[in-house]
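Residue strings, one per chain:
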Amino acid sequence: MGNVITGEKEFFKGIGQIQFEGIESDNPMAFRWYDENRLVAGKSMKEHFKFACAYWHSFVGNGSDPFGGPTHIFEWDKNPDPVERAKDKMDAAFEFITKLNLPYYCFHDVDVVDYGNDIQENESRLQALVEYAKTKQQQSGVNLLWGTANLFSHLRYMNGASTNPDFHVLTHGAAQVKAALDATIALGGENYVFWGGREGYQTLLNTNMKREQEHFAQFLHTARDYARKNGFKGTFFIEPKPCEPTKHQYDYDCATVIGFLQKYKLLDDFKLNIEVNHATLAGHTFQHELQVAADAGLLGSIDANRGDNQNGWDTDQFPNDINEITEAMLIILEAGGLQGGGVNFDAKIRRNSTDAKDLFYAHIGGMDIFARALITADNIMQKSDYRKVREERYSSFDNGKGKEFENGSLSLEDLRQYAMQNGEPEVRSGRQEYLENLINRYI
Ligand code: XUL
Ligand code: CO
């Protein structure tokens, strides 16, 4: 366990460091499954997950929604000076992160410190906070999983940033990405994320989709070149999302992004950051998106949250569905883990969750559900016939004519000949209910 780091003031008073107490524990402020040093499938839980706290939801998002203002009144949001206020917020952030023993955090530039309209002033504010964060990271051992730039909130980005029809707007996005990359590099950030906030369109009536996507690709190449030139060794992640805030986002889903990365020759530097609620908005399951990324060798990182089965928008709730996360962990384990990334809680407590403890409950629940899912998935892989059932389903391709087909050595006439000689195929069950029960048995 690392040290708890507080500033001059303690913000989460009366809450100590959260401990692992095991499944017999009745303490809601303890981990029941997440034991960072426990080895599962040859790696500690800490290494498997690389859990990260999302700065924006936990320390900036204040419970406001389109129908009402803030309900989360932050003690750290009081100082009138933007840099001092940002330092208070960072004190609160590192206190929270170290009390939960989270090994990582993630931020957008404007989460860390408020930006105005002066590029140089914004850069100097961010640099001041980077210096402050360096000390905090050293004291605590907490690391930056990824940095990013918010290219969607400022009014200038209402038509996108790198896909904006106005070149001038694109240059402001570039200035922000440069500063966010500098900050990520200075803090030893392990990855850098591009979520295409408003990179999409509202109507094709005013949109040249092809040109916008070319600009997007060129922008990514330019940012990549800058970061590499300045010593960034980490991975860039694209985070797919099909819609919201724009009607149609260019990074629709994993398959779309993989095609884009291939077309614009970005596969050497970019992988995917997959978010649960973005997957479901795209009409997929989280598992589907993970599998698409894993099959392409691009399973980089995860934004953990969940949607709501009745609501069609990005509710960003904390994960709590053991079946969904167990199925996800099966895919992640089979893929050999996440490539460079971790599990970032891109999730927010509800507008009416107003106790200081609520943010702790939310993260404890999320970490425990992943830990329990990992243990379950590993048991399924080790002890059950899960893999065997799946492999046997394809066994007709393992040898003989099936293998020859896979190798590309059979013609269409050869295939016809096989069908003629062998008559009607046997009826074979897909055994879905058997497999669904198997998952529940191991949970
Ligand atoms: C928005 C979203 C973002 C990205 C980072 O839906 O997921 O918070 O994760 O820009
Ligand atoms: Co996200």
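Each chain carries its own residue numbering, running from 1 in the direction its sequence is written. Starting at A for chains and at 1 for ligands, labels are handed out in the order in which the entities are written. Reporting of local features is limited, given that this is a predicted model, to residues whose pLDDT is at least 70; pairs of side-chain atoms are given and counted only at 80 or more, and all residues count toward the totals for whole chains, interfaces and linings. The side-chain values count all of the structure's non-hydrogen atoms but skip hydrogen atoms and water molecules.

Colleague: What is the right way to read the coordination of the cobalt ion (ligand 2) from this model?
Modeller: Put simply, the ideal angle at a metal is 109.5 degrees for four donors in tetrahedral geometry and 90 or 180 degrees for six donors in octahedral geometry. For the cobalt ion (ligand 2), the full set of protein donor atoms is Glu239 (OE), Glu275 (OE), Asp303 (OD) and Asp346 (OD), and the range of their distances to it is 1.9 to 2.1 Å. Metal donors were taken as nitrogen, oxygen and sulfur atoms no farther than 2.8 Å from the ion, or 3.2 Å where the ion is Na, K or Ca. Water is excluded, so coordination may look unfinished. Under this scheme a four-donor centre is tetrahedral when all angles range from 85 to 135 degrees, a four-donor centre is square planar and a six-donor centre octahedral when opposite donors are above 155 degrees with the rest from 65 to 115, and any other centre is irregular. Note that the cobalt ion (ligand 2) binds six donor atoms; their angles at the metal cover 80 to 172°, and the shape is octahedral. When the donor residues of the cobalt ion (ligand 2) are listed from N- to C-terminus, their spacing reads E-x35-E-x27-D-x42-D. Residue Glu239 is found in strand E8 (residues 235-239), and its partner Asp303 is found in strand E11 (residues 299-303); the two are separated by 64 residues along the sequence. In terms of burial, Glu239 and Asp303 fall into one category: buried. The secondary structure listing takes helices from DSSP runs of H or I that are at least 4 residues long and strands from runs of E that are at least 2 residues long, numbered from the N terminus. Exposure is judged per residue with a 1.4 Å probe applied to protein chains only, and the accessible area is read against the type maximum: over 50% gives exposed, under 20% gives buried, and values in between give partly exposed.

Colleague: For this particular structure, what's the right way to read the pattern of salt bridges?
Modeller: Pairing of side chains with opposite charge becomes possible as their charged atoms draw close. Salt bridge, as used here, is a side-chain nitrogen of Lys or Arg placed within 4 Å of a carboxyl oxygen of Asp or Glu. Scanning the model with the defined rule gives 23 salt bridges in all. Across the pair Asp114 and Arg85 runs a salt bridge whose closest N-O atoms are separated by 2.6 Å. Here Asp114, found in the loop between helix H4 (109-112) and helix H5 (119-140), pairs with Arg85, found in helix H3 (residues 82-99); they are 29 residues apart in sequence, far enough to count as distant. Of the charged contacts in the structure, one is a salt bridge between Glu214 and Lys210, with a shortest N-O distance of 2.9 Å. In this pair, Glu214 and Lys210 both sit in helix H7 (residues 209-229), four residues apart, roughly one turn of the helix. Given a relative accessible area of 57%, Lys210 falls into the exposed group. Where salt bridges share partners, they join Arg224, Asp225, Arg228 and Asp269 into one cluster.

Colleague: Help me understand the site of ligand 1, please; the structure alone is not making it clear to me.
Modeller: A molecule or strand has a residue near it when one of that residue's heavy atoms lies within 4 Å. In the region of ligand 1, the neighbouring residues are Trp56, His108, Trp146, Trp195, Glu239, Lys241, Glu275, His278, Asp303, Asp314 and Asp346. The contact in question runs from an oxygen atom of ligand 1 to an N or O atom on the side chain of Glu239, over 2.7 Å. Think of a polar contact as two N or O atoms within 3.5 Å of one another; within protein, one of them needs to be a possible hydrogen donor and the other a possible acceptor, and neighboring residues in sequence only count if both atoms come from side chains. Contacts to ligand 1 include Asp303, whose side-chain N or O atom sits 2.9 Å from an oxygen atom. We get accessible surface area from the Shrake-Rupley algorithm with a probe of 1.4 Å; when it comes to residues, only the shown protein chains can shield them. Protein burial of ligand 1: of its 290 Å² of free accessible surface, 94% is covered by the chains.

Colleague: Help me understand the packing of H3 against H5, please; the structure alone is not making it clear to me.
Modeller: Angle between the axes and distance between the axes: these two values describe a pair of packed helices. Convention adopted: a line fitted to C-alpha atoms gives each axis, helices being fitted over their contacting stretch, and angles between N-to-C directions are expressed from 0 to 180 degrees. Here H3 crosses H5 at 25°, and the two axes come no closer than 10 Å. The orientation of H3 relative to H5 falls into the category roughly parallel. Considering the relative orientation of H3 and H5, their crossing is right-handed. Contacts between H3 and H5 involve Pro82, Val83, Ala86, Lys87, Met90, Asp91, Phe94 and Thr98 on the former and, on the latter, Arg125, Ala128, Leu129, Tyr132, Ala133, Lys136, Gln137 and Ser140. We call two directions roughly parallel when the angle between them is under 35 degrees, roughly antiparallel when it is over 145, roughly perpendicular when it lies between 65 and 115, and oblique otherwise. Note: crossing handedness is left-handed where the near helix turns anticlockwise from the far helix by less than a right angle, and right-handed where it turns clockwise. The contact rule is simple, with two residues in contact once any of their heavy atoms fall within 4.5 Å.

Colleague: Even after reading the chapter, I still don't get empty space enclosed by the protein, so can you show me in this structure?
Modeller: Summary: where empty space remains is shown by rolling a probe the size of a single water molecule over the atoms. In the cavity and pocket records, a cavity denotes points on a 1 Å grid over the protein atoms alone where a 1.4 Å probe fits but cannot get out, a pocket denotes an open set with protein on both sides within 12 Å along at least 5 of 7 lines, and lining residues are residues with an atom within 4 Å of a point. Grid points are joined across faces, edges and corners, and a volume is the space filled by probe spheres set on the points. Per the counting criterion, the structure on display carries three cavities of 30 Å³ or more. The calculated volume of the largest cavity comes to roughly 120 Å³. The wall of the largest cavity is formed by 15 residues, among which Leu151, Phe194, Trp195, Gly196 and Glu199 lie closest to the centre. The element that contributes the greatest number of residues to the lining of the largest cavity is strand E6 (residues 191-195), accounting for four residues. Residue polarity is assigned by list, with Asp, Glu, Lys and Arg as charged and Ala, Val, Leu, Ile, Met, Phe, Trp, Tyr, Cys and Pro as nonpolar; anything else, Gly included, falls into the polar class. Class assignment of the residues belonging to the lining of the largest cavity gives a composition of 10 nonpolar, four polar and one charged.

Colleague: How should I be thinking about helix H6 (residues 167-186) in this particular structure?
Modeller: Residue pairs three or four apart in sequence face the same way in an α-helix, which turns once every 3.6 residues. An ideal rise of 1.5 Å per residue puts 28 Å on 20 residues; H6 measures up with 29 Å between its terminal C-alpha atoms. Residues Val169, Leu170, Gly173, Ala175, Gln176, Val177, Ala179, Ala180, Leu181, Ala183 and Thr184 constitute the buried set of H6. Considering only its buried residues, H6 is in contact with H4, H5, strand E5 (143-148), E6, H7 and E8. The N-terminus of H6 is capped by Asp166, whose side-chain oxygen sits 2.9 Å from the backbone nitrogen of His168. The positive-phi residue at the C-terminal boundary of H6 is Gly188, with phi of around 65°. Here the expected span of a helix is defined as 1.5 Å times the quantity of residues minus one.

Colleague: Can you walk me through the side chain of Gln287 in this structure?
Modeller: Relative to the helices and strands, Gln287 resides in helix H10 (residues 286-295). Classification of Gln287 as buried rests on a relative accessible area of 13%. At 3.0 Å, the side chain of Gln287 forms a polar contact with the side chain of Glu327. Apart from residues no more than four positions distant in its own chain, Gln287 is found in contact with Glu324, Glu327, Ala328 and Ile331.

Colleague: Can you help me understand H7 in this one?
Modeller: Between its first and last C-alpha, H7 extends 30 Å over 21 residues, near the 30 Å set by a 1.5 Å rise per residue. For H7, the set of buried residues is Glu212, Phe216, Ala217, Phe219, Leu220, His221, Ala223, Arg224, Tyr226 and Ala227. Elements in contact with the buried residues of H7: H6, E6, strand E7 (200-201), E8, helix H8 (254-263) and strand E10 (270-275). In the stretch just after H7, Gly231 is the one whose phi turns positive, near 90°.

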